[in-house]
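Each chain, written out:
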Amino acid sequence: MFFSKFERLVARRYLKAKRREGFISVITGFAFTGIALGVATLIIVMSVMNGFRHELLSRILGINGHIGIMAVAGVPFNNYAEAVKEISDFEHVQTVIPMIERQLLVSSGSVAEGAMVRGISKDDLLKKEILKNSLQRVNIDDFAGNNVVIGNRLAQKMGLIPGDEITLISPNGKVTAFGTVPRMKSYKIIGTFEVGMYEYDSNFIFMPLESAQVYFGLKGAVSNIDVTLDNDNYLREMRKAIEESVGAGAYVYDWKQTNAAFFNAIAVERNVMFVILTLIILVAAFNIITGLIMLVKDKGRDIAVLRTMGATKGMIMRIFFMDGAFIGVVGTSIGLALGVLFCRNIEAIRQFLQDIVGRDLFSAEIYFLSQLPAEIDYTEVAVVVIISLLLSFMATIYPAYRAAKFDPVEALRYE
């Protein structure tokens, strides 16, 4: 054992402050609480950041693929079936989906909204697992002809329900002697979808590929090809292979390129928050130093008596080291438990607080997601715990050293 029974007994007694040592006890309590809150807050913030990244990534890749191929200069892919077959044979390619994607205006009555219309076949739509699972009151067999599926939030904004009709208006219409006439056509809503990401739920409309080809005048052609890989680690390699395959007639891009600014902002914010919240633990560690120094000064006579009874400097140092370490270990343990428990119930806690204050505390319009995510990375949790314990142990070294260097003769002379 590193600590003798005598040392543990004395250290435990010093932690139990007497009435006249109340101020020391208060400082110790602040240190204890500061470490617990610092560790808990750091775990919660890092988990929420991880949750944001994971949820956004899963939804982005749930609607879009890892790699996109887009027709350039307004020339559609007329031989897309051949390209789909060729790319499907590549290693690590999971799905290849031809589609038509255009931005236009959708109206119903006096309400109009901008929307992204994506033409996709029924079989390909079902290949998108997140999209398939997000369909609400949709009979997929009805996904044909002039029927469409729209985002749930878009339907709410426009006051639409399944069975209603919408009119799609494209500015790229027919050229007549009187100018360009916008292309307009009505479609029936057969249901809605909600993937949990505001940008998609409030902007996207899915229609059958054949109907999109007719509407946009792309008979037998598509404007985009969506490629999903079985492993994101092969992204760069597969993008290069696809670029060589399609040649100069198409623009090839990947999800990291189109979302780089967004995910870089999350990474920077995550790192900054880690540094800032670690300072909370550091401040609490300084409280440990203050509390122990005051305890050493208050226990000067006790230290002198122990020294005269044969206690070595090492024993005195270990006694006060145990006191500081106990604060750090218990504070860290409670912070760890609080942080993990909070993260596991974060959405229920949000709903509870929302009911109390009567306000939306996590607006989907601002934060992109409809639910507050938290994903615990236990490797990061271990790093947080180790940092907290190291700072706590380092904070005890100087007060413990001062206690060991305490001159018993001087202490007894002034008592």
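Since the structure is predicted, the reported quantities are computational estimates derived from the model, not experimental observations.

Draft legend 1. Fine view of the overall build of the chain. Across its full length, the chain holds 17 helices and 10 strands. Looking at the chain as a whole, 46% of its 415 residues qualify as buried. A fraction of 79% describes how many contacts in the chain between residues 6 or more apart in sequence connect residues 24 or more apart. For the chain, the computed accessible surface area is about 21600 Å², with 59% contributed by carbon and sulfur atoms.

Draft legend 2. Here's a closer look at the pattern of salt bridges. As enumerated under the stated definition, the model contains 10 salt bridges in all. Across the pair Lys157 and Glu113 runs a salt bridge whose closest N-O atoms are separated by 3.7 Å. Here Lys157, found in helix 6 (residues 152–158), pairs with Glu113, found in strand 3 (residues 111–120); they are 44 residues apart in sequence, far enough to count as distant. Here Lys128 ties to Asp226 by a salt bridge, and the two come within 2.7 Å at their closest N and O atoms.

Draft legend 3. Just the side chain of Thr332, in detail. Its location among the elements puts Thr332 in helix 13 (residues 313–344). The exposure class of Thr332 is buried, given its relative accessible area of 3%. Within the structure, the side chain of Thr332 is placed 2.6 Å from the backbone oxygen of Gly328, a separation counted as a polar contact.

Draft legend 4. Spotlight on empty space enclosed by the protein. Scanning the model with the defined rule gives one cavity of 30 Å³ or more in all. The space that makes up the largest cavity amounts to roughly 30 Å³. Together, Leu42, Ile43, Met46, Ser47, Asn50, Asp377, Glu380, Val381 and Val384 line the largest cavity. Element by element, the count of residues in the lining of the largest cavity is highest for helix 2 (residues 22–63), at five residues. Of the residues that constitute the lining of the largest cavity, the class distribution is five nonpolar, two polar and two charged.

Draft legend 5. Quick look at the pairing of strand 2 (residues 93–108). Bridge count for strand 2 against strand 9 (residues 224–229) is six bridges, and the pairing is antiparallel. Within the sheet, the bridge partner assigned to Val96 lies in strand 9 and is Val227. Relative to strand 3, strand 2 is paired through nine bridges, and the arrangement is antiparallel. Following the sheet pairing, Leu105 is matched in strand 3 by Gly114.

Draft legend 6. Summary view of the environment of Gly328. Secondary-structure assignment places Gly328 in helix 13. Along the backbone, Gly328 and Leu391 are 63 residues apart, and their C-alpha atoms lie at a distance of 8.3 Å. In contact with Gly328, not counting residues within four places along its chain, are Ile35, Ile288, Leu389 and Ser392.

Draft legend 7. Expanded view of the layout of surface pockets. Volume-wise, the largest pocket comes out at about 570 Å³. Asn64, Glu199, Tyr200, Phe204 and Thr258 are the residues nearest the centre of the largest pocket, which is lined by 28 residues in total. Listing elements by their share of the lining of the largest pocket, those giving two or more residues are strand 1 (67–71), strand 2, strand 3, helix 7 (198–201), strand 9, strand 10 (250–254) and helix 10 (255–258). Of the residues forming the lining of the largest pocket, the biggest block, four residues, is contributed by strand 3. Grouping the amino acids of the lining of the largest pocket by side-chain chemistry returns 13 nonpolar, 10 polar and five charged.

Draft legend 8. Spatial organisation of the environment of Arg102. Summarising the element assignment, Arg102 is placed in strand 2. Those residues in contact with Arg102 that lie beyond four places of it in its chain are Ala115, Met116, Val117, Phe216, Leu218 and Ser223. At 3.4 Å, the side chain of Arg102 forms a polar contact with the side chain of Ser223.

Draft legend 9. Seen up close, the side chain of Ser134. Its location among the elements puts Ser134 in helix 5 (residues 129–134). Take Ser134: its relative accessible area is 6%, and that puts it in the buried class.

What counts, and at which threshold
Residues numbered from 1 in each chain as written. Predicted model: local features only at pLDDT ≥ 70, side-chain atom pairs only at ≥ 80, totals over all residues. Heavy atoms only, no water. Helix = DSSP H or I, 4+ residues; strand = E, 2+ residues; numbered from the N terminus. Buried < 20%, exposed > 50% of the residue type's maximum accessible area, 1.4 Å probe, protein only. Contact = heavy atoms within 4.5 Å. Areas by Shrake-Rupley, 256 points an atom, 1.4 Å probe, with all protein chains shown as cover. Salt bridge = Lys/Arg side-chain N within 4 Å of Asp/Glu carboxyl O. Polar contact = N/O pair within 3.5 Å; in protein donor to acceptor, adjacent residues only side chain to side chain. 1 Å grid on protein atoms, 1.4 Å probe; cavity = no way out; pocket = protein on both sides within 12 Å on 5 of 7 lines; lining within 4 Å. Points joined across faces, edges and corners; volume = space filled by probe spheres on them. Nonpolar A, V, L, I, M, F, W, Y, C, P; charged D, E, K, R; others polar. Pairing = 2+ DSSP bridges.

Spatial relationships are all this shows, so hold off on functional conclusions.
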